[in-house]
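Chain and residue survey
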Amino acid sequence: MTTADVAAAHSAHDHVPEDEHFGSATGGKVAMWMFIAQDGMSFGGLLVAYGILRFSAIEWPVPSEILGINLTAFATFLLICSSLSMVMAVEGAKKRDQKALVRWLAVTILGGIAFLGIQVYEYNHLVHAGIGFAESAWEGQSVNNLFGSTFYAVTGFHGMHVLSGVIYMICILLGSMKGKYTQGGISYSAVELVGLFWHFVDLVWILVFTFIYLL
Amino acid sequence: MSAPDHNHPAPAADDGHEESHVGTYVTVFLTLGFLTIVEVFVPSVYSAEWNQTTKMLLLSGLALAKVGLVGMFFMHLKYEKKWIAWIAMMPVYMGVFAILLMLESVYRNVGA
């Protein structure tokens, strides 16, 4: 294959033809958005169920009196920081800057791991304080069992997403270290996709933090 | 085949057509941080029983503002074609549908 053939093959793969409806979005990006939309509906279903159970309950504890708001606010801030580092990683990949990509992706992964660490600490603290999945009590007083059930169901489902995101990012990091996503053209799109997933995880947590912890 | 051609390097994704959004990202990040701080103080300021509706509306508004910022800027919805935005809005349609169903249920219970 001549150099010209290679260049032509590259140009065929490096640019997505402009589409009337989706612009220059890759098929992978459209698929990721569809996944995010259906995953968003899963979270929406959980949050709506939480709302119905809570507002139809005769007794429901004030969440901020049981859950550690300051620690969770810090965890929220960590996720926001990791979202910033993720967009910086995508920028690095677009600019074919492998060092920046690897550095920012590693920072994002650390943010995700720190968030999971805080969640494990919080669960451990709550379980020892009497807030279980099936039965709940707080400072010797029994509280609505649904408080613990809904709390662990929603935050646990989100935590699994964070864990999946961290594993996904580690896979992309390994490819980044080999220079797979900084070859120009649309080679960065895998980083963009993991970025979309990670921002979605952050976006959902914003809602979970508000509706489960603050309200 | 997949190795980069050093004589004819593939163009960078931006090709000079896409501008860098780093300044916007930092501004959005700072705004998100600020809104989070405001959120943390809202429950203590509006803790009285008669203030619960204000608290709920305020916190929901702040959360939606933050979600909008993440979606529009970090997830690039602002720069995408409308069809991507329509797909992204699917949970919102379902949410509106769910709220309508709940309101209908509340209305029936009030009437009973």
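A brief look at the structure comes next. (Residues numbered from 1 in each chain as written. Chains lettered and ligands numbered in written order. Predicted model: local features only at pLDDT ≥ 70, side-chain atom pairs only at ≥ 80, totals over all residues. Heavy atoms only, no water.)

A count of helices and strands for chain B gives four helices and zero strands. Across the 112 residues in chain B, those meeting the buried criterion constitute 32%. For chain B, the share of sequence-separated contacts (at least 6 apart) that also reach a separation of at least 24 residues comes to 52%. Carbon and sulfur atoms provide 70% of the accessible area of chain B, an area that totals close to 7300 Å². (Helix = DSSP H or I, 4+ residues; strand = E, 2+ residues; numbered from the N terminus. Buried < 20%, exposed > 50% of the residue type's maximum accessible area, 1.4 Å probe, protein only. Contact = heavy atoms within 4.5 Å. Areas by Shrake-Rupley, 256 points an atom, 1.4 Å probe, with all protein chains shown as cover.)

Residues and elements named next belong to chain A. Taken as a whole and assessed by the stated rule, the structure comprises 16 aromatic pairs over all chains. Taking the centre distance of 6.2 Å and the plane angle of 55° together, the rings of Tyr168 and Phe197 count as tilted. Residue Tyr168 is found in helix H6 (residues 145-177), and its partner Phe197 is found in helix H7 (residues 189-214); the two are separated by 29 residues along the sequence. Judged by its relative accessible area of 7%, Phe197 falls in the buried class. Taken together, the ring pairs in this structure connect Phe115, Tyr123, Phe133, Phe151, Tyr152, Trp205, Phe209 and Tyr213 into an aromatic cluster. (Phe/Tyr/Trp six-rings, centres within 6.5 Å; stacked < 30°, edge-to-face > 60°.)

This part covers the layout of surface pockets. Over the atoms a probe the size of a water molecule is rolled, and this reveals where empty space is left. Looking at the largest pocket, its volume works out to about 1700 Å³. Lining the largest pocket are 45 residues, and of these Val48, Leu207 and Phe211 of chain A together with Gly95 and Ile99 of chain B sit closest to its centre. Elements that contribute at least two residues to the lining of the largest pocket include exactly helix H2 (27-55) and H7 of chain A together with helix H2 (52-74), helix H3 (82-88) and helix H4 (90-111) of chain B. For the lining of the largest pocket, the element with the most residues is H2 of chain A, which contributes 14 residues. Along the lines of polarity and charge, the residues of the lining of the largest pocket split into 33 nonpolar, 11 polar and one charged. (1 Å grid on protein atoms, 1.4 Å probe; cavity = no way out; pocket = protein on both sides within 12 Å on 5 of 7 lines; lining within 4 Å. Points joined across faces, edges and corners; volume = space filled by probe spheres on them. Nonpolar A, V, L, I, M, F, W, Y, C, P; charged D, E, K, R; others polar.)

For the rest of this paragraph, the subject is helix H4 (residues 69-94) of chain A. All names here are of chain A. Between the first and last C-alpha of H4 there are 37 Å, a value that for 26 residues agrees with the 38 Å anticipated at 1.5 Å per step. Among the 26 residues that make up H4, 21 are buried, leaving the element largely enclosed by the rest of the structure. Positive phi appears at Arg96, one or two residues downstream of H4, with a value of about 60°. (Expected span 1.5 Å × (residues − 1).)

In this section: the packing of H2 of chain A against H6 of chain A. All names here are of chain A. Between H2 and H6, whose axes approach to 9 Å, the crossing angle comes to 165°. With respect to H6, the axis of H2 lies roughly antiparallel. Crossing handedness for the pair H2 and H6: left-handed. Every residue of H6 that contacts H2 at Met32, Asp39, Ser42, Phe43, Leu46, Leu47, Tyr50 and Leu53 is listed here: Leu146, Thr150, Ala153, Val154, Phe157, His158, His161 and Tyr168. (Axes fitted to C-alpha atoms, helices over the stretch in contact; angles between N-to-C directions. Parallel < 35°, antiparallel > 145°, perpendicular 65-115°, else oblique. Left-handed = near helix turned anticlockwise from the far one by under 90°.)

All right, on to H2 of chain B then. The end-to-end C-alpha distance of H2 of chain B, which contains 23 residues, comes to 32 Å, matching closely the 33 Å that a straight helix rising 1.5 Å per residue would cover. In the core, the buried residues of H2 of chain B are packed alongside H4 and H7 of chain A together with helix H1 (22-45) of chain B. Where H2 of chain B terminates, the next one or two residues include His76 of chain B, which has phi positive at roughly 65°.

Residues and elements named next belong to chain A. Note on placement: Leu53 falls in helix H2. Here Leu53 falls in the partly exposed class, since its relative accessible area comes to 31%. In the structure, Leu53 is positioned 93 residues away from Leu146 in sequence and 7.7 Å away in space, judged by C-alpha atoms.

As a further point, take unusual backbone geometry. Here Glu139 of chain A, not a glycine, exhibits a phi torsion of approximately 50°, which is positive. Inspection of the secondary structure puts Glu139 of chain A in the loop between strand E1 (136-138) and strand E2 (141-143). Even without glycine at this site, His76 of chain B takes up a positive phi of about 65°. Checked against the element boundaries, His76 of chain B lands in the loop between H2 and H3.

In short, the description is geometric, and any link to function would need to be established separately.
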